[in-house]
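Listed here are the chains, written in short residue letters.
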Amino acid sequence: MGKPAKLYYSIREVAQMFDLNESTLRYWETEFPHLRPKTNSQGVRQYTDKDIEQVRVIHNLVKVRGFKLAAASRMLHANRQGAERTAEVLQTLSYIRDQLISLKRHLEEVV
């Protein structure tokens, strides 16, 4: 959750954030019109924080919840705010789970 402040991220960095292949991100760009990272003069993709949030929502729908791409696209079109909110809640719960696991390990070391 505490990522450094950066204006742009490379496709490699974004792929690593979500444990995806770069080709998956490129394909998602063709399937989801809201995912459009900037490209520089050499054609290198530059993802902003907004783009990363789009990837997070798509990742939640496709990889976490198991939606097919067409269904995920329809879901985003029909209820974008709900899909974004769900992704945000899942990210927060994942962070809390990781913190609890860390706390449990620390307590086990103490006892």
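Not measured: the values here are computed from a predicted model.

Points about the pattern of salt bridges
Working step 1: Taken as a whole and judged by the stated rule, the model has 7 salt bridges.
Working step 2: The closest approach of N and O atoms between K6 and E13, which form a salt bridge, is 2.4 Å.
Working step 3: Residue classification places K6 among the partly exposed positions, given a relative accessible area of 33%.
Working step 4: In this structure E13 comes out as partly exposed when scored by relative accessible area, which is 28%.
Working step 5: The salt bridge partner of D98 is R97, with a shortest N-O separation of 3.5 Å.
Working step 6: Salt bridges here are not isolated pairs; linked through shared partners, they connect R12, E22 and R26.

Side note on helix 3 (residues 49-64)
An α-helix turns once per 3.6 residues; consequently, residues spaced three or four apart project the same way.
Working step 1: Every buried residue belonging to helix 3 is among D51, I52, Q54, V55, R56, V57, I58, H59, N60, L61 and V62, and all of these are buried.
Working step 2: Phi for G66, located one or two positions after helix 3, is positive at around 80°.

Focus: the side chain of H59
Working step 1: In this structure, H59 sits in helix 3.
Working step 2: Discounting chain neighbours no more than four positions away, the residues touching H59 are F18, L20, W28 and V64.

The rules we used
Residues numbered from 1 in each chain as written. Predicted model: local features only at pLDDT ≥ 70, side-chain atom pairs only at ≥ 80, totals over all residues. Heavy atoms only, no water. Salt bridge = Lys/Arg side-chain N within 4 Å of Asp/Glu carboxyl O. Buried < 20%, exposed > 50% of the residue type's maximum accessible area, 1.4 Å probe, protein only. Helix = DSSP H or I, 4+ residues; strand = E, 2+ residues; numbered from the N terminus. Contact = heavy atoms within 4.5 Å.

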